[in-house]
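A look at the structure
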Amino acid sequence: MTTIFAASGLLALGACTDPSMTGGTGTGTGMSRTQQGALAGAAVGAVLGATRDDDSNNQGRDAARGAILGAAAGAIAGNIMDRQAQSLQQSITNPNIRIVNHGDYLQVIMPEGILFATDSAAVSGVAQNDLYAVARNLNQYPNSVVEVVGHTDNTGSAAHNRDLSLRRAQSVAGILTAAGVASNRVATTGRGFDQPIASNATAEGRAQNRRVEILIRPMR
């Protein structure tokens, strides 16, 4: 019974979505990130509410309360992600930097070519301007944690590429913290060539794989 009730609540929320919501922060599924967050929050809230005590007579009521509270929290989180993504897009000037809103986190993808010289971990002066823009955005939205992840192509040894990718991630993170982002919000990782997004068999693919990603997640 509880499961049916929770499912009915989700369907009701889904029926409120606007098929026209397919803008830059939408998903192309007819739902904005805010609506997606509300649906996800309702689902989690309903389950948690239904299991909060052993009284079967109260489970339907608790599921309803959990769904309502979860939907509200999820909608707020989704809306914040939308606004932060839009702000980032407006403040970053380089068109080669991609910002992807995954709903529960933001991904800023910066190609190696705009950040570093070949085999170097020193950030170029031009790229620093955009990193300072990212830092300002992070300071405007302080309730998030940041992971800076370095990636390379498969040219050279695995050990060399992992070290290079980590040093590059640390260089980017260093600029963010120098611009005022609290260091306890920022973590760094070097993936080397373990997570390609294109084929390493072509020059174009290798260029795509050489990148630094800034992952921004709301604090839980």
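Look up: the structure comes first, before these words.
Attention in this report is confined to the structure presented alongside it. Just so it is clear, the model here is predicted, and its values are computed rather than measured.

1. A word on the packing of aromatic side chains
Applying the stated criterion to the full structure yields zero aromatic pairs. Against the face of Tyr-105 rests Arg-217, its NZ or CZ located 5.0 Å from the ring centre.

2. Regarding helix H6 (residues 158–178)
Its 21 residues place the ends of H6 30 Å apart at the C-alpha level, agreeing with the 30 Å of an ideal helix rising 1.5 Å per residue. For H6, the full list of buried residues reads Asn-161, Leu-164, Ser-165, Arg-168, Ala-169, Val-172, Ala-173, Ile-175 and Leu-176. The inward-facing, buried residues of H6 abut helix H4 (112–115), helix H5 (125–140), strand E3 (144–151), strand E4 (186–190) and strand E5 (211–218). Gly-180 lies just past H6 and shows a positive phi near 110°.

3. Focus: the pairing of E4
In terms of strand pairing, E3 meets E4 through five bridges, oriented parallel. Pairing of Glu-147 across the sheet is with Ala-187, part of E4. On the question of chirality, the crossover connecting E3 to the parallel E4 by way of H6 is right-handed.

4. Remarks on the pattern of salt bridges
Within this structure, the stated rule accounts for seven salt bridges. One salt bridge in this structure joins Arg-168 and Glu-112, with 3.0 Å as the shortest N-O distance. Within this pair, whereas Arg-168 is found in helix H6, its partner Glu-112 is found in helix H4, the two being separated by 56 residues in sequence. Considered together, Arg-168 and Glu-112 belong to a single accessibility category, that of buried residues. The salt bridge partner of Arg-162 is Asp-194, with a shortest N-O separation of 2.2 Å. Linking Arg-162 in helix H6 with Asp-194 in the loop between E4 and helix H7 (203–209), this pair joins segments that are 32 residues apart in sequence. Take Arg-162: its relative accessible area is 39%, and that puts it in the partly exposed class. Exposure remark for Asp-194: the relative accessible area of 47% places this residue in the partly exposed category.

Scoring rules and cut-offs
- Residues numbered from 1 in each chain as written.
- Predicted model: local features only at pLDDT ≥ 70, side-chain atom pairs only at ≥ 80, totals over all residues.
- Heavy atoms only, no water.
- Phe/Tyr/Trp six-rings, centres within 6.5 Å; stacked < 30°, edge-to-face > 60°.
- Lys NZ or Arg CZ within 6 Å of the ring centre and 35° of its normal.
- Helix = DSSP H or I, 4+ residues; strand = E, 2+ residues; numbered from the N terminus.
- Expected span 1.5 Å × (residues − 1).
- Buried < 20%, exposed > 50% of the residue type's maximum accessible area, 1.4 Å probe, protein only.
- Contact = heavy atoms within 4.5 Å.
- Pairing = 2+ DSSP bridges.
- Right-handed = clockwise from strand over helix to strand, strands pointing away.
- Salt bridge = Lys/Arg side-chain N within 4 Å of Asp/Glu carboxyl O.

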